[in-house]
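Take a look at the letters that make up each chain.
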Amino acid sequence: MASFIESFLLAKRLGKKSRSDYARYLRDFDEFTGRTSLEDALTVDHAAAFKEKLAGVSIYTAHNGVSYLKSFAKWCAESGHLRNAIGTTVLTGLETPRPPEEGREPFTDEEVDHILAVLGERTNRDRARALAFAWLLLSCGLRRNEARCQPLIDVHFAEPRPYVFVRWINAKGKHKSRKARMDPDAAAAIDHYVQDERPALKGLRPNNDPRQDPLAAEPLFLTEHGYPFTDSGFGKWAGKVKDELEKAGVRAVTDWKPHRMRGTWATRYNRASRFTGTTFMDLKAEGGWSDDRTPQRYIKQRPWEELREMPTPLEALRANRRTA
């Protein structure tokens, strides 16, 4: 089965992060089924057992794993490698677990303040890097892998508004680059990390110009010894940040993940629209979404106290007519 997995990965047009996720889940399934032939491994019974195993981790893990496995089975059918009796995918009938529609709750304003305070009080030399990472997620809404791969040259501190440029090669999905504005406090924290705490890059590549070779760009975040993070290494480091926040008693942080910070960014973007004048289309553009449904799932409703202070639609329209 392993050779078919590699052919599938080569045939599919996937972003870097998506390709890594597909490869990880499919190779885990190959290991789970004993590294046997495609015909023996790819069955509904084996897929259902694999789904139960993933569900023991989380509903989100099971959803992703089954989705990737069904996509692989569909490709096998379309390519003529393995079909059922009626010529379609052998995993017909296997249901994909559905995560809760509401998704993960964003952090409250108080929880965000607590997170930044805890990271700011760390005594080790990793404090500046952890703060810069948290501020980047909170201010720009980057995904974890986007933050890991973010080139230093694409972090812009100049006025009138600092911003980051997320290149297509590191973005998820449609291979589309985007720009996201940066809060001044976030820019200050990231600039402090870069100027005062960040080690020099080890093993400098001959070509370090992302305009010519995006994969050769020097990343913003480096290990303590000055090397670029691997995906696994960055995940382990982010896990240590989560562990430290839990030990400090940060409320609701038992599920701290960079993606939850992305949801917090999206919710705050929506809440602040009455002051900023930004629209849902602006949110989609800066967040890097191509559809409407995904950002709608991330955005949570305004706190009631905040909504109560705002004029009702009828009140606002009538006031506008009186001043027109």
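That block above? That's the structure.
A short tour of the structure in this document, coming up. None of the values given here were measured: they were computed from a predicted structure.

### Some points on the layout of surface pockets
Here comes step 1: Reported here for the second largest pocket is a volume of approximately 470 Å³.
Here comes step 2: Taken together, 17 residues form the lining of the second largest pocket, with Leu138, Ser139, Arg181, Asp183 and Trp265 sitting closest to its centre.
Here comes step 3: Of the residues forming the lining of the second largest pocket, the biggest block, four residues, is contributed by helix H7 (residues 127-140).
Here comes step 4: For the lining of the second largest pocket, the per-class residue count stands at eight nonpolar, three polar and six charged.

### Focus on the pairing of strand S2 (residues 163-166)
Here comes step 1: Pairing analysis gives two bridges linking strand S1 (residues 155-156) to S2, with the strands arranged antiparallel. Bridging across to S2, Val155 finds its partner in Val164.
Here comes step 2: Where S1 folds back onto S2 in an antiparallel hairpin, the turn is made up of six residues.

### Re the packing of aromatic side chains
Here comes step 1: Enumeration according to the criterion identifies 18 aromatic pairs in this entry.
Here comes step 2: Seen in terms of ring centroids, Phe29 and Phe50 are 5.2 Å apart; in terms of plane orientation they differ by 75 degrees. Their pairing is edge-to-face. Residue Phe29 is found in helix H2 (residues 16-32), and its partner Phe50 is found in helix H4 (residues 44-55); the two are separated by 21 residues along the sequence. You'll find Phe29 and Phe50 in the same group, each marked buried.
Here comes step 3: Ring geometry for Phe133 and Phe221: centres 5.9 Å apart, planes at 85 degrees, overall edge-to-face. Of the two residues, Phe133 is situated in helix H7 and Phe221 in the loop between helix H9 (184-197) and helix H10 (231-247); the sequence distance between them amounts to 88 residues. Each member of the pair Phe133 and Phe221 is classed as buried.
Here comes step 4: Clustering of aromatic rings is evident, with ring pairs tying together Phe8, Tyr22, Tyr25, Tyr68, Phe72 and Trp75.
Here comes step 5: Between the NZ or CZ atom of Arg260 and the centre of the ring of Phe107, over which it lies, the distance is 4.1 Å.

### Section: the side chain of Lys284
Here comes step 1: Within the fold, Lys284 resides in helix H13 (residues 280-287).
Here comes step 2: With relative accessibility at 12%, the residue Lys284 sits in the buried group.
Here comes step 3: A polar atom in the side chain of Lys284 sits 2.9 Å from the side chain of Asp292.
Here comes step 4: For Lys284, the residues in contact, after removing those within four places along its chain, are Trp289, Ser290, Asp291, Asp292 and Pro295.

### Observations regarding the packing of H2 against helix H5 (residues 59-78)
Here comes step 1: The geometry of H2 relative to H5 is characterised by a closest axis approach of 9 Å and an angle of 85 degrees between their N-to-C directions. Looking at the two axes, H2 sits roughly perpendicular to H5. Across from Asp21, Tyr22, Tyr25, Leu26 and Phe29 in H2, the residues of H5 making contact are Thr61, Asn64, Gly65, Tyr68, Leu69, Ser71 and Phe72.
Here comes step 2: Split by residue class, the contact of H2 with H5 holds seven nonpolar, four polar and one charged.

### Brief notes about the state of the cysteines
Here comes step 1: In the structure shown here, the tally under the stated rule is zero disulfides.
Here comes step 2: A disulfide-free cysteine, Cys149 has its sulfur positioned 16 Å from the sulfur of Cys140, the nearest such atom.

### Focus on the sheet that holds strand S3 (residues 178-181)
The strands making up a sheet are joined through hydrogen bonds of the backbone, oriented either antiparallel or parallel.
Here comes step 1: The strand order across the open sheet built from three strands is S1-S2-S3, with neighbouring strands paired in antiparallel fashion. Looking along the sheet, the strands with just one partner apiece sit at the ends: S1 and S3.
Here comes step 2: Of the strand pairs in this sheet, S2 and S3 are connected by four bridges, and their pairing is antiparallel. Paired with Val166 across the bridge in S3 is Arg178.

What counts, and at which threshold
- Within each chain, residues carry numbers counting from 1 in the order of the written sequence.
- Where local features are concerned, this predicted model is filtered to residues with pLDDT of at least 70; where side-chain atom pairs are given and counted, the filter is 80 or more; whole-chain, interface and lining totals use all residues.
- As a convention, hydrogens and water are excluded, and side-chain values are obtained from all of the structure's heavy atoms.
- Cavities and pockets are defined on a 1 Å grid built over the protein atoms alone: a cavity is a set of grid points where a 1.4 Å probe fits but cannot escape, while a pocket is an open set with protein on both sides within 12 Å along at least five of seven lines, and lining residues are those with an atom within 4 Å of any such point.
- Grid points are joined across faces, edges and corners, and a volume is the space filled by probe spheres set on the points.
- Helix and strand assignments follow DSSP, with helices taken as H or I runs no shorter than four residues and strands as E runs no shorter than two, numbered in order from the N terminus.
- In the scheme used here, Gly and all other residues not listed as nonpolar or charged are polar, with Ala, Val, Leu, Ile, Met, Phe, Trp, Tyr, Cys and Pro taken as nonpolar and Asp, Glu, Lys and Arg as charged.
- For two strands to be treated as a pair, DSSP must find no fewer than two bridges joining them.
- Classification of ring pairs rests on two measures: the distance between centres of Phe, Tyr or Trp rings, Trp counted by its six-membered ring, which must be within 6.5 Å, and the angle between planes, read as stacked under 30 degrees, edge-to-face over 60 and tilted in between.
- Partly exposed residues are those whose accessible area sits between 20% and 50% of the maximum for their type, while under 20% is buried and over 50% is exposed, using a 1.4 Å probe and protein chains only.
- Put simply, a charge is over a ring when the Lys NZ or the Arg CZ is close to the ring centre, within 6 Å, and near the line of the ring normal, within 35 degrees.
- N or O atoms within 3.5 Å of each other form a polar contact, as long as, within protein, one can give a hydrogen and the other can take it, and as long as residues adjacent in sequence are counted only when both atoms are side-chain atoms.
- Every residue pair with non-hydrogen atoms within 4.5 Å of one another is taken to be in contact.
- Axes here mean lines fitted to C-alpha atoms, for a helix over just the part in contact, with angles spanning 0 to 180 degrees between N-to-C directions.
- Between 65 and 115 degrees an angle is taken as roughly perpendicular, under 35 as roughly parallel, over 145 as roughly antiparallel, and anywhere else as oblique.
- Count a disulfide wherever a pair of cysteine sulfur atoms falls within 2.5 Å.

Interpretation note: all reported values are geometric properties and have no functional meaning in isolation.
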